[in-house]
Amino acid sequence: MPADTAASAKFTPRQSAVLAEALRLLVEGGDKALTTSGLARAANCSKESLYKWFGDRDGLLAAMISFQQSKVRTADRSGERLSVEALRDHLEIFARDLLEVLAGDVSLALNRLAIGQSSRDGSKLGKLLLEHGRREIDRRARGLIEAGKRSGLLRFNDADDAYHTLYGLVVSDLHVRMLLGELGLKDNTAQAHKAVDAFLILHGTNKDSGEAPRASAAR
């Protein structure tokens, strides 16, 4: 399956294992459970290694968020011409991964913690989530839809507007409802397929044969 490997390539397998353990500690014990000593014990590594790899606590949190967002796969297809089938596949993989990550215990814990820490001056964790999480996902997904436009399969005047249309079709108000305690969808694949169908109806060019143009013609 296609994946954007740039984000995950930032970390070695050992560092990835440590970050996964850090996320587990955060989910199970909250903010207070995420200490350098506790993580070193849980991950069976030295505190010196943690400081060398991630720096201070903010650096560790930023790395955890970056590691988590890399689970949302996009396709790095710069310079490559996409077929309509490949574009649809990449969009659906992105949409499904996005739903699964947002509905996961880790993302919900991080977002609830950021909300709990928010004040009039904002939340440091919230800023880290935006900078190393949401904006990185946005950047990679915009690259995918821009590749679709270069391939003559998508039409839009502004890539940001088109991307936020896609994001809204995929997520809707589901993330807010999950943060409030509602269970996630039973079938993320069906929601991803439905969202991509709607996006291609709005922004597809009908220049190729395949499922996307058929959906657009039924409008």
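Because the structure is predicted, anything quoted here is derived from the model rather than measured.

Enquirer: Looking at this structure, how should I read the layout of surface pockets?
Expert: Where empty space is left becomes clear once a probe the size of a water molecule has been rolled over the atoms. Estimated volume of the largest pocket: approximately 410 Å³. As for the largest pocket, its lining consists of 21 residues, and the residues nearest its centre are L102, N111, L129, R134 and H175. When residues of the lining of the largest pocket are traced back to their parent elements, those giving at least two are helix 5 (57-69), helix 6 (84-103), helix 7 (105-117), helix 8 (124-150) and helix 10 (174-179). Here the lining of the largest pocket is composed, by residue class, of 12 nonpolar, eight polar and one charged.

Enquirer: Hey, could you run me through the UniProt feature "DNA-binding region" (unreviewed entry) in the protein in this one?
Expert: Here the UniProt feature "DNA-binding region" (unreviewed entry) sits at residues 35-54. Regarding residues 35-54, the helix share stands at 80% and the strand share at 0%, and the terminal C-alpha atoms are separated by 13 Å.

Enquirer: Which parts of the structure should I look at to understand the packing of helix 6 against helix 8?
Expert: A pair of packed helices can be characterised by two numbers: the angle between their axes and the separation between those axes. The contact between helix 6 and helix 8 brings their axes to 10 Å, and the two run at 165 degrees. When the axes of helix 6 and helix 8 are compared, the pair comes out roughly antiparallel. Judged by the twist between their axes, the crossing of helix 6 over helix 8 is left-handed. Touching L87, H90, L91, F94 and L98 of helix 6 are I137, A141, L144, I145 and G148, all from helix 8. For the contact of helix 6 with helix 8, the per-class residue count stands at eight nonpolar, two polar and no charged.

Enquirer: What am I meant to see in empty space enclosed by the protein here?
Expert: Tallied over the full model, the rule gives two cavities of 30 Å³ or more. Space inside the second largest cavity adds up to approximately 30 Å³. Those elements that provide at least two residues to the lining of the second largest cavity are helix 6 and helix 10. Residues that form the lining of the second largest cavity fall into these classes: five nonpolar, two polar and no charged.

Enquirer: Sorry, what's going on with the pattern of salt bridges here?
Expert: If charged atoms from side chains of opposite charge come close, those side chains can pair. A full pass over the atoms with the stated rule returns 11 salt bridges. Put simply, R88 and E92 hold a salt bridge, and the shortest N to O gap is 3.1 Å. Of this pair, R88 and E92 are both found in helix 6, four residues apart, which corresponds to roughly one turn of the helix. Side by side, R88 and E92 carry an identical accessibility label, which is buried. One network of salt bridges, in which partners are shared, links E21, R24 and E28.

Enquirer: What is the right way to read helix 6 from this model?
Expert: The first and last C-alpha atoms of helix 6 sit 29 Å apart over 20 residues, in line with the 28 Å expected at 1.5 Å per residue. Counting buried positions over the 20 residues of helix 6 gives 15, a clear majority of the element.

What counts and how
- All residue numbers refer to position in the chain's written sequence, counted from 1.
- Per-residue local features of the predicted model are confined to residues with pLDDT of at least 70, and side-chain atom pairs are confined, for both listing and counting, to 80 or more; whole-chain, interface and lining totals are unaffected and use all residues.
- Hydrogens and waters are ignored; side-chain quantities use all the structure's heavy atoms.
- Here a cavity denotes grid points, spaced 1 Å and computed from the protein atoms alone, that fit a 1.4 Å probe unable to get out, and a pocket denotes an open set having protein on both sides within 12 Å along at least 5 of 7 lines; residues with an atom within 4 Å of a point are the lining.
- Grid points are joined across faces, edges and corners, and a volume is the space filled by probe spheres set on the points.
- Each helix is a run of H or I in the DSSP string that is no shorter than four residues. Each strand is a run of E no shorter than two, and both are numbered from the N terminus.
- Side-chain classes are defined by residue name, with Ala, Val, Leu, Ile, Met, Phe, Trp, Tyr, Cys and Pro counting as nonpolar, Asp, Glu, Lys and Arg as charged, and the others, Gly among them, as polar.
- UniProt positions are given in the numbering used here, feature names are shortened, and annotations may be inferred rather than shown by experiment.
- In this analysis, axes come from line fits to C-alpha atoms, helices being fitted only over the stretch in contact, and the angle between any two N-to-C directions falls in the range 0 to 180 degrees.
- Reported orientations rely on four angle classes, namely roughly parallel under 35 degrees, roughly antiparallel over 145, roughly perpendicular from 65 to 115, and oblique for the rest.
- Here is the rule for handedness: rotate from the far helix to the near one, and if that takes an anticlockwise turn smaller than a right angle the crossing is left-handed, while a clockwise turn gives right-handed.
- Any two residues whose heavy atoms approach within 4.5 Å are treated as being in contact.
- Salt bridge criterion: a side-chain nitrogen from Lys or Arg within 4 Å of a carboxyl oxygen from Asp or Glu.
- Exposed residues in this analysis have more than 50% of their type's maximum accessible area, buried residues have under 20%, and partly exposed residues fall in between, with area computed by a 1.4 Å probe over protein chains only.
- The span you would expect from a helix comes to 1.5 Å times its residue count less one.

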